[in-house]
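Chain by chain, the residues:
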Amino acid sequence: MIENDPDVYGKISLNAEDIPPFTGGRDILKQIEGKIKNKEYIDTVINAPDNIVSFFGKVFPEVQRVHNAGLNTTEDMKIWKEGGNQITFEEDTSAPEDGSGPSYDVWVGGPATLFGAVLQARSDSPGKVLYAHDGVRGVSNWKGSVCTYIHRDSVPLYYYTHYAAPSIMLSTLRDKVHRMINYSGYIRRLETDPYWSTLRVSMYNILTSPSFIWMAVGNQVKGLLDVGLHLPGTAILPPHKTTAHTSIPHVCLTPTILRDLNLGYTVQFENSENGERSLLLLGSLGKEKKAPRFFDSERRLGQIIGPADCRSLPKEELAARGYDTDFVVGAVAHSKDGGIRMGADDDMENDIVNHGGVVQSDSRLVKILVKPDGEDECRVTKVVWENPKTGEHSTTNVSSLYLSLGPSMDRLLVGGVNLVERIMCAAAASTVFLVKIDRTLVPEYKLRKFRDMTGYSNKIYFRLGEREVEVDGKPFHFFAMQCSGGGMFPSVHPHAETVLNTIKANVAPTLGLGTEGVDFEIISVRGCARGVTTQNFMRLSAPASNMVMVYGLGGTGMANMVPNGALLSGVMRQRQLLAAGEISLKEFKHNLTHSSFDHIPNLKTGNPFKGNYYQCFDIKTHKTVARALFGNRGRSLLPRMLRYMRFLK
């Protein structure tokens, strides 16, 4: 075990009658197979029988509390329904004296804003920090994601040939034909091919929502600019002007910022610090070896971050880690890869409170109230919350507002106008499972592979927790695990094939599930959609003088949570300077293009950013709210005269 591992819990004792029979996920896999046969998506939360869920909670109450695994319901997923999680701007018509009570710097939503709130709470001038979320984190992207930190993957999908739209459409067509002419062969391939690509296109959803066609066209135009035809010399833009030139250095800031902060608890682990726990596996079909896949993307990314610092693990080392080398024929470990600890949100929320901030759960943001703030400007004065459990509303006074709300929030409305770019959901399937290991039959070295974050291509599996359990004096070892595979474009719900393939062709043979002394049970299966924009990289927006938000992270939100949280503070300061007339719009554009932030509030080590963030900024909407709600109100000649005089200088 890793010393002081936060995901290893204390030893417990149970009686044999406490342990239900482990069936290898029979009940849930039967439902999955039925959905495949009926061509149905996974549009509900599928949980194990009550006795299995109850036992999971008995062995891993810590994990179940954080993930709500086995206890999430389809009703919890209602925010994914159309209009289920929309926010509106409205004018604050209250009198100044009605704003009694403290005003907060309010951080709302997921990983980026949680970390941003931690940064501010720990700063020399923390002010009044309030971090809020809706309390339904068990069905959030956070808990459904694989939480990988793989810096070379923090790029648009088109950087990889097999993830590009034409390749995905070809795979979709091929599978439809295979299914029609040989259904049993189609199922057999799902159950045996670890390299079966789970990425699929829903032609029905595209044809019924034509705007997705234009998104796909725009995405391919971006691809031609950045990578061309995936051949040397065909990219239109030079490397320093591509999306990856910003996105890769951005994600690489994560360990640097965390080391400087010295939080005292684990948020991220890296291979170099933890004995290479994050591995890209090379699998086989029985004795038929599959060669590693190499992509021109490695060359292009090497132009930005240098040659890949990685090594191939020899067969002897794989065997020493407990892998069956007849199936896992190779693995690659990149020295800086790793993961984001799934339970870190508990530690971060406690950190905010311990440094004088406020954490407010069961609070879903539904309204943002604003008042005029000069010419074509407005400022947020209050936010209105809805309790998802009771439906009750409450209000908080706002000094500044930071949002990172995930892909379920695809409507930020003012006067019927949506301020966020069109978001296409890419749905993956997330599966939590429990592994029981009889230590009288399985030696210690074979446990190591359960601690690795491993996978093939876009199918990843990793440990949520582990615990020694004594059953009537007999030693057992239990692992709570999670795997994810995706996904379906454009769709909120994943296709059922991804679960069958991930479990049977990847997880089970890699970890030896079902072999002597190793039993498992599936606890839950649910969808976990990512939000993708045309750019396929994060979008930034600041529709009020004291408000910024990040959205459309496309599955990279966990890896980028740390720099995103810091970046929001930097963009907020630039937006406030713009509203106050201290910088011009031209200077604002320059500062975001060149990361010329005078400083990053709350970050004591200075400005670490070097990318072009203006390419991610929604400049067209930064005055939309003020103009829609107030028209000519708030306009005056003075700001324009001051700017004109400044120009003459």
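Source: prediction; values computed, not measured.

(A) Region of interest: helix 9 (residues 211-226). Here helix 9 is 16 residues long and its end C-alpha atoms lie 23 Å apart, about the 22 Å a rise of 1.5 Å per residue gives. Note on helix 9: the residue one or two positions beyond its end, G228, has a positive phi of about 65°.

(B) Region of the structure containing the sheet that holds strand 13 (residues 338-340). The strand order 6-13-8 describes an open sheet built from three strands, whose pairing is antiparallel. Of all the strands in the sheet, the pair left with one neighbour each is strand 6 (148-149) and strand 8 (268-270). Where strand 6 and strand 13 come together, two bridges link them in antiparallel fashion. Across the sheet, the residue bridging to Y149 is G338, located in strand 13. Together, strand 6 and strand 8 form the strand contacts of helix 11 (residues 253-261), whose direction differs from that of strand 8 by roughly 115°.

(C) Expanded view of the packing of aromatic side chains. Per the stated rule, a full pass over the model turns up 11 aromatic pairs. On the numbers, 6.5 Å between centres and 40° between planes, the contact of Y183 with Y186 is tilted. Separated by three residues within a single helix, Y183 and Y186 lie in helix 7 (residues 183-192), roughly one turn from each other. Assessed through its relative accessible area of 31%, Y183 is described here as partly exposed. Ring geometry for F450 versus F479: centroids 4.9 Å apart, planes at 20°, classification stacked. In this pair, F450 is assigned in the loop between strand 20 (424-438) and strand 21 (453-456) and F479 in strand 23 (residues 474-489), connecting sequence segments 29 residues apart. When sorted by exposure, F450 lands in the same class as F479, which is buried. Each member of the aromatic cluster is reached from another via a ring pair, and the members are Y9, F56 and F60. Above the ring of W196, the side-chain terminus of R200 is found at 4.5 Å from the ring centroid. One cation-aromatic arrangement involves K436 over F22; the distance from NZ or CZ to the ring centre is 4.9 Å.

(D) Quick peek at the nonpolar core. In this structure, I32, V435 and L513 are the most contacted members of the largest nonpolar core, which totals 121 residues. The dominant element in this core, judged by the number of residues it contributes, is helix 16 (residues 561-579), at nine residues. Setting aside its immediate chain neighbours within four residues, I32 contacts I42, I46, A496, V499, L500 and V525. Listed in part, the 30 residues of the second largest apolar core include F89, V108, W385 and M547.

(E) Molecular detail of the pattern of salt bridges. For the structure shown, the criterion picks out 39 salt bridges. One salt bridge connects E62 with R467, and the closest N-O pair in it is separated by 2.8 Å. Of this pair, E62 sits in helix 3 (residues 61-67) while R467 sits in strand 22 (residues 459-471), and the two are 405 residues apart along the sequence. In this structure E62 comes out as partly exposed when scored by relative accessible area, which is 23%. In this structure R467 comes out as buried when scored by relative accessible area, which is 6%. As a salt-bridge pair, E75 and K78 come within 3.4 Å of each other at their nearest N and O atoms. Shared partners join several salt bridges into a network, and the residues in it are D5, D7, R341, D347, R439, E444, R451, R463 and E466.

(F) Here's a closer look at the state of the cysteines. For the structure on display, the rule yields zero disulfides. No disulfide involves C483; its nearest neighbouring cysteine sulfur is the one of C528, lying 12 Å away. When its relative accessible area of 1% is taken as the criterion, C483 is described as buried.

(G) Looking closely at the layout of surface pockets. Volume-wise, the second largest pocket comes out at about 780 Å³. In this structure, the second largest pocket is lined by 35 residues; those nearest its centre are W80, E82, D410, C425 and V492. Those elements that provide at least two residues to the lining of the second largest pocket are helix 8 (203-208), strand 20 and strand 24 (518-532). Residues belonging to the lining of the second largest pocket are distributed by class as follows: 16 nonpolar, 11 polar and eight charged.

(H) Spotlight on helix 4 (residues 111-121). In terms of residue burial, helix 4 counts as a mostly covered element, since 11 of its 11 residues are buried. All of the buried residues in helix 4 are P111, A112, T113, L114, F115, G116, A117, V118, L119, Q120 and A121.

(I) The arrangement of the pairing of strand 3 (residues 87-91) in detail. Examined bridge by bridge, strand 3 and strand 18 (residues 412-414) share two bridges and lie parallel to one another. Bridging from a neighbouring strand, T88 pairs with L413 of strand 18.

(J) Region of the structure containing a nonpolar patch on the surface. A surface patch of nonpolar side chains, about 700 Å² in accessible area, is lined by M169, M203, L207, I213, W214, V217 and V221. Every element with two or more residues in the nonpolar patch is listed here: helix 8 and helix 9. By residue number, the principal contributor to the nonpolar patch is helix 9, which donates four residues. As for its position among the elements, M169 is in helix 6 (residues 165-181). Given the relative accessible area of 41%, M169 is considered partly exposed.

(K) Summary view of the packing of helix 4 against helix 16. Between helix 4 and helix 16, whose axes approach to 7 Å, the crossing angle comes to 65°. As helix 4 packs across helix 16, the resulting crossing turns out to be right-handed. Listed contacts from helix 16 to P111, A112, T113, F115, G116 and L119 of helix 4 are M561, V562, N564, G565, A566 and L568. When the residues that make up the contact of helix 4 with helix 16 are grouped by side-chain class, the tally is eight nonpolar, four polar and no charged.

About the thresholds
Here the residue numbers are simple positions, counted from 1 along each chain's written sequence. This being a predicted model, a pLDDT of at least 70 is required before a residue's local features are given, and a value of 80 or more before pairs of side-chain atoms are given or counted; all residues contribute to the totals for chains, interfaces and linings. The side-chain quantities take in all heavy atoms of the structure and omit both hydrogens and water. A run of H or I in DSSP counts as a helix once it spans at least four residues, and a run of E counts as a strand once it spans at least two, with each numbered from the N terminus. The length a helix should cover is 1.5 Å for every residue beyond the first. Only strands that DSSP links by at least two bridges are regarded as paired with each other. Contacts: residue pairs with any heavy atoms within 4.5 Å of one another. Angular values range over 0 to 180 degrees, each being the angle between N-to-C directions of two axes fitted as lines to C-alpha atoms, with helices fitted over their stretch in contact. Within 6.5 Å between ring centres, the rings of Phe, Tyr and Trp (the latter by its six-membered ring) count as paired, and their orientation is classed by plane angle as stacked under 30 degrees, edge-to-face over 60, tilted in between. Throughout this description, buried means an accessible area under 20% of the type-specific maximum (1.4 Å probe, protein chains only), exposed means over 50%, and partly exposed covers the range between. Whether a charge sits over a ring depends on NZ of Lys or CZ of Arg being within 6 Å of the ring centre and within 35 degrees of the ring normal. Nonpolar cores were defined as sets of buried Ala, Val, Leu, Ile, Met, Phe, Trp, Tyr and Cys residues, with membership established by side-chain atoms within 4.5 Å. We count a salt bridge whenever a side-chain nitrogen from Lys or Arg sits within 4 Å of a carboxyl oxygen from Asp or Glu. The term disulfide is used for any two cysteine sulfur atoms that are within 2.5 Å. Every definition here rests on a 1 Å grid over the protein atoms only: cavities are sets of points where a 1.4 Å probe fits but cannot get out, pockets are open sets enclosed by protein on both sides within 12 Å along at least five of seven lines, and lining residues have some atom within 4 Å of a point. Grid points are joined across faces, edges and corners, and a volume is the space filled by probe spheres set on the points. Each residue gets one of three labels, nonpolar for Ala, Val, Leu, Ile, Met, Phe, Trp, Tyr, Cys and Pro, charged for Asp, Glu, Lys and Arg, and polar for the others, Gly among them. Patch members must show over 30% relative accessible area and no salt bridge, and they are joined within 9 Å when carrying like charges or within 5 Å when they are nonpolar side chains of Val, Leu, Ile, Met, Phe, Trp or Tyr. Using the Shrake-Rupley algorithm and a 1.4 Å probe, accessible areas are obtained, with residue cover drawn only from the displayed protein chains. If you view the pair so one helix is near and one far, a crossing is left-handed when the near helix is turned anticlockwise from the far one by less than a right angle, and right-handed when it is turned clockwise.

Structural measurements only, silent on function.
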